[in-house]
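Chain by chain, the residues run as shown.
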Amino acid sequence: MGHRTTSAILLTLLFAPHAAHADAGYCPQSAFYAHDGDMSYGMFTDDAEAWPAAVLSVELYGAWGGATAPGTYPLTAADTNYATCANCVHLASACAADGSCGPSFIPSRGTLEVHELSDTALTVTFHDVLLVESTVEAGTFDSAPVEGGATWCLDGVTVDVVSFGECATPGTCSADSDSDSDSDSDSDSDSDSDSDSDSDSDSDSDSDSDSDSDSDSDS
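This is a predicted model, so every value here is computed, not measured. (Residues numbered from 1 in each chain as written. Predicted model: local features only at pLDDT ≥ 70, side-chain atom pairs only at ≥ 80, totals over all residues. Heavy atoms only, no water.)

Caption draft 1: Highlighting the overall build of the protein chain. A tally of regular secondary structure across the protein chain gives 2 helices and 10 strands. Going residue by residue from the N terminus, the α and β elements of the protein chain occur as α-β-β-β-β-β-β-β-β-β-β-α. For the protein chain, the residues scored as buried account for 37% of the 219 residues in total. Pairs at least 24 residues apart make up 61% of the contacts formed inside the protein chain by residues separated by at least 6 positions. Total accessible area computed for the protein chain in this model is approximately 11400 Å², and 46% of it derives from carbon and sulfur atoms. (Helix = DSSP H or I, 4+ residues; strand = E, 2+ residues; numbered from the N terminus. Buried < 20%, exposed > 50% of the residue type's maximum accessible area, 1.4 Å probe, protein only. Contact = heavy atoms within 4.5 Å. Areas by Shrake-Rupley, 256 points an atom, 1.4 Å probe, with all protein chains shown as cover.)

Caption draft 2: Main features of the environment of His35. Along the polypeptide, His35 turns up in strand 1 (residues 30-36). For His35, a relative accessible area of 29% gives the class partly exposed. Leaving out residues up to four positions away in the same chain, His35 has contacts with Ser40, Ser118 and Asp119. A distance of 2.8 Å separates a polar atom in the side chain of His35 from a polar atom in the side chain of Ser40. Polar side-chain contacts of His35 include one of 3.2 Å to the side chain of Asp119. (Polar contact = N/O pair within 3.5 Å; in protein donor to acceptor, adjacent residues only side chain to side chain.)

Caption draft 3: Representation of the nonpolar core. Residues Tyr26, Phe126 and Leu154 are the most contacted members of the largest nonpolar core, which totals 27 residues. For this core, the elements supplying multiple residues, two or more each, are strand 3 (53-61), strand 5 (87-95), strand 6 (104-117), strand 7 (122-136), strand 9 (151-154) and strand 10 (157-160). For this core, the leading source of residues is strand 7, giving 5 residues. Core analysis: the second largest hydrophobic core is formed by 14 residues, Cys88, Ala92, Ile106 and Phe141 among them. (Core = buried A, V, L, I, M, F, W, Y, C linked by side-chain atoms within 4.5 Å.)

Caption draft 4: Local environment of unusual backbone geometry. Although it is not a glycine, Ala94 sits at a positive phi angle of roughly 50 degrees. Positionally, Ala94 belongs in strand 5. Of note, Asp128 is a non-glycine position whose phi angle comes to about 50 degrees, a positive value. Take Asp128: it is sitting in strand 7.

Here it is as structure tokens:
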């Protein structure tokens, strides 16, 4: 099972089937953290006092190229599969108090900004991390996106194993803002069209005025 063995027991609860639908927000309220050599593992729960809750895990494997110190780490192609990731992100939705959870979500892209990483502390901010609903094979941890599955956006969300407080409203991942961009483009196009129309109208008016002036002069 490779580098996944260390956290396999901790993650067992994340794979039980349970019907759920992803929510857009995420605000961690409690955490579990373990650090062992070049492996750091943090598990965050958004609201353990109000089940069902979303459980987010961050696993950093230094021996496989994962983060070992503060810095900015773009997620690679390997990080989009839970079996091969070095900087791993996994979100289990709708987890109940009995340990059963809904669908798993694995990132398709994004960046991790590690602010603090030590034996006792882990602080990470997610930038434009788009999580997609995925299947995760028990034992191999091989993951694959679910066709037409839900998505979950983590942008500007910070997790910290030491302190918890008010969470900022999460941003919008760029994939979710394409329609807004198209709308702005259409608006600009309409504006340009109106401007051209007004310009043509003014030009025609000026031409008519010049023609009338020439006619009066000839007379």
